[in-house]
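# Results of the structural survey
Chain by chain, the residues run as shown.
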Amino acid sequence: MSSFTTISADKLARLIGTANTPALIDVRTEEDFAADSRLIPGAVRRSHQTAADWGKEFSGRPAIVVCQRGLKLSEGTAAWLRHAGGSAEALENGFEGWKAAKLPLVPAAKLPARDAQGRTVWVTRARPKIDRIACPWLIRRFVDPNAVFLFVAPSEVIAVGERFAADPFDIENVFWSHRGELCTFDVMVEEFGLATPPLLRLATMVRAADTGRLDLSPEAPGLLAASLGLSRMYDDDLAQLEAGIVLYDAFYRWCRDASGETHNWPTNKAKP
């Protein structure tokens with residue numbers, strides 16, 4: 001049974017992918033991490049040995065600490081974070097418990113190098129519509145909540161990526177792009193180990209809307225209409241991204257929690 005200083009894997013899994021996801025901090029030893037270098041979605045690596053130094057970074061924020069088995073390293077680090085003014089819990093049974101439950105794990109090797117502030121940096125074409133909003137949503141919610149997105153002229157994406165150490169996506173001839181019939185969102189879901197039923201359903205919606213194959217998903221026309229509407233509402237790509245993240249939050253929660261729910265206005269009964 002969870003205590004006030006711990007959280008179960010099931011409860012954490014329900015938080016990941018939502019706007020209420022706490023900061024996730026992986027404090028496994030270098031030896032344990034080398035044995036399995038995957039991360040719980042959205043987690044960052046920190047050393048338990050220096051928790052007293054970096055703990056202030058999470059002051060005033062809820063955080064979950066993950067070690068190998070949910071024992072001394074996560075308990076001690078969470079205690080330091082609480083001492084620094086944060087609200088921290090340890091993950092019950094740690095990384096091993098999460099893995100045993102067959103919950104998603106992101107291969108660290110697939111993540112771009114982080115900048116001096118610990119953020120991944122991505123670059124793509126300006127004036128996003130569907131894939132270029134869906135992919136940043138996926139990254140922010142399941143890979144790196146602090147990710148930076150640069151929207152630039154299409155002809156400059158590769159050069160900007162090289163000069164500013166940013167990973168290009170959703171352009172031709174790069175790793176993070178369309179593959180066959182799959183769109184970039186599909187590719188990211190697969191490569192990041194996030195192929196859960198809700199995300200696969202959302203991926204079908206995104207692919208259908210992004211590639212014009214609206215017959216693949218009955219929800220795709222609505223996603224397409226909302227996406228094109230947002231692109232007309234905003235001149236600022238970053239402002240559009242923030243609005244689009246809320247849109248995808250809603251679609252994800254529908255895919256996860258409400259796809260079987262209907263809402264039908266009752267028909268009026270004929271008067272006698």
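The notes below deal with the structure included here. From a predicted model like this one, the values you see are computed outputs, not experimental measurements. (Residues numbered from 1 in each chain as written. Predicted model: local features only at pLDDT ≥ 70, side-chain atom pairs only at ≥ 80, totals over all residues. Heavy atoms only, no water.)

### Observations concerning the overall build of the protein
Secondary structure assignment for the protein yields 11 helices and 10 strands. Relative to the 2.2 N^0.38 estimate, which gives 19 Å for 272 residues, the radius of gyration of the protein is 20 Å and therefore close to what a compact globule would have. Counting only residues that meet the buried cut, the protein has 46% of its 272 residues in that class. Long-range pairs, those at least 24 residues apart, make up 67% of the contacts in the protein between residues at least 6 apart in sequence. Of the roughly 14000 Å² that the protein leaves accessible, carbon and sulfur atoms contribute 54%. Separation between the mean location of the 32 positive side-chain charges and that of the 34 negative ones in the protein comes to 4 Å. (Helix = DSSP H or I, 4+ residues; strand = E, 2+ residues; numbered from the N terminus. Rg over C-alpha atoms; globule rule 2.2 N^0.38 Å. Buried < 20%, exposed > 50% of the residue type's maximum accessible area, 1.4 Å probe, protein only. Contact = heavy atoms within 4.5 Å. Areas by Shrake-Rupley, 256 points an atom, 1.4 Å probe, with all protein chains shown as cover. Lys, Arg positive; Asp, Glu negative; His and termini not counted. Charge placed at Lys NZ, Arg CZ, Asp CG, Glu CD.)

### A closer look at the sheet that holds strand β4 (residues 44-45)
In space, the 5 strands of this open sheet follow the order β1-β6-β5-β2-β4, with parallel pairing throughout. At either margin of the open sheet sits one strand with a lone partner, and together these are β1 (6-7) and β4. Pairing of strand β2 (residues 23-26) with β4 involves 2 bridges; the strand directions are parallel. Residue isoleucine 25 lies in a different strand from β4, and its bridge partner there is valine 44. Against the sheet, helix α4 (residues 72-83) makes contact with β1, β2, β5 (62-66) and β6 (87-91), and its axis sits at roughly 175 degrees relative to β6, the strand it touches most. (Pairing = 2+ DSSP bridges. Axes fitted to C-alpha atoms, helices over the stretch in contact; angles between N-to-C directions.)

### So, the environment of asparagine 20
As for its placement among the helices and strands, asparagine 20 is situated in the loop between α1 (9-15) and β2. Judged by relative accessible area, which is 61%, asparagine 20 ranks as exposed.

### Here we look at unusual backbone geometry
Even without a glycine there, the phi angle at asparagine 93 is positive, about 65 degrees. With respect to the secondary-structure elements, asparagine 93 resides in the loop between β6 and α5 (94-100). Positive phi, normally seen in glycine, also occurs at aspartate 170, with a value near 60 degrees. Along the chain, aspartate 170 turns up in the loop between β10 (167-168) and α8 (184-191). Judged by its relative accessible area of 7%, aspartate 170 is buried.

### Remarks on the nonpolar core
Ranked by size, the top nonpolar core spans 56 residues in total, and within it Trp137, Phe185, Leu202 and Tyr248 carry the most contacts. Discounting chain neighbours no more than four positions away, the residues touching leucine 202 are Trp137, Phe185, Tyr248, Phe251, Tyr252 and Cys255. Residues Ala23, Ala63, Cys67 and Ala88 belong to the second largest nonpolar core, which totals 13 residues. (Core = buried A, V, L, I, M, F, W, Y, C linked by side-chain atoms within 4.5 Å.)

### Focus on the packing of aromatic side chains
With the rule as written, the count across this model stands at 10 aromatic pairs. With a centroid separation of 5.9 Å and 85 degrees between ring planes, the pair formed by tryptophan 54 and phenylalanine 58 is classed as edge-to-face. What makes tryptophan 54 buried here is its relative accessible area of 10%. When its relative accessible area of 5% is taken as the criterion, phenylalanine 58 is described as buried. (Phe/Tyr/Trp six-rings, centres within 6.5 Å; stacked < 30°, edge-to-face > 60°.)

### Looking at the side chain of threonine 5
Examined against the element boundaries, threonine 5 turns out to sit in the segment before β1. Under the relative-accessibility criterion, threonine 5 is labelled buried at 12%. Not counting residues up to four positions away in its chain, the partners in contact with threonine 5 are Glu75, Arg82, Glu89 and Ala90.

### Points about helix α9 (residues 197-211)
Here α9 spans 21 Å end to end across 15 residues, near enough to the 21 Å set by a 1.5 Å rise per residue. Contact partners of the buried residues in α9: α6 (131-142), α8, α10 (220-233) and α11 (237-258). Glycine 212 sits one or two positions beyond α9 and adopts a positive phi of about 75 degrees. (Expected span 1.5 Å × (residues − 1).)

### A closer look at the pattern of salt bridges
If charged atoms from side chains of opposite charge come close, those side chains can pair. Per the counting criterion, the structure on display carries 20 salt bridges. The residue glutamate 30 makes a salt bridge to arginine 45 at a minimum N-O spacing of 3.1 Å. On the criterion of sequence distance, the pair formed by glutamate 30 in helix α2 (residues 30-35) and arginine 45 in strand β4 is long-range, its members being 15 residues apart. On the accessibility criterion, glutamate 30 (60% relative accessible area) is exposed. For arginine 45, a relative accessible area of 21% gives the class partly exposed. Its salt-bridge partner being arginine 140, residue glutamate 242 comes within 3.3 Å of it at the nearest N-O pair. Residue glutamate 242 is found in helix α11, and its partner arginine 140 is found in helix α6; the two are separated by 102 residues along the sequence. (Salt bridge = Lys/Arg side-chain N within 4 Å of Asp/Glu carboxyl O.)

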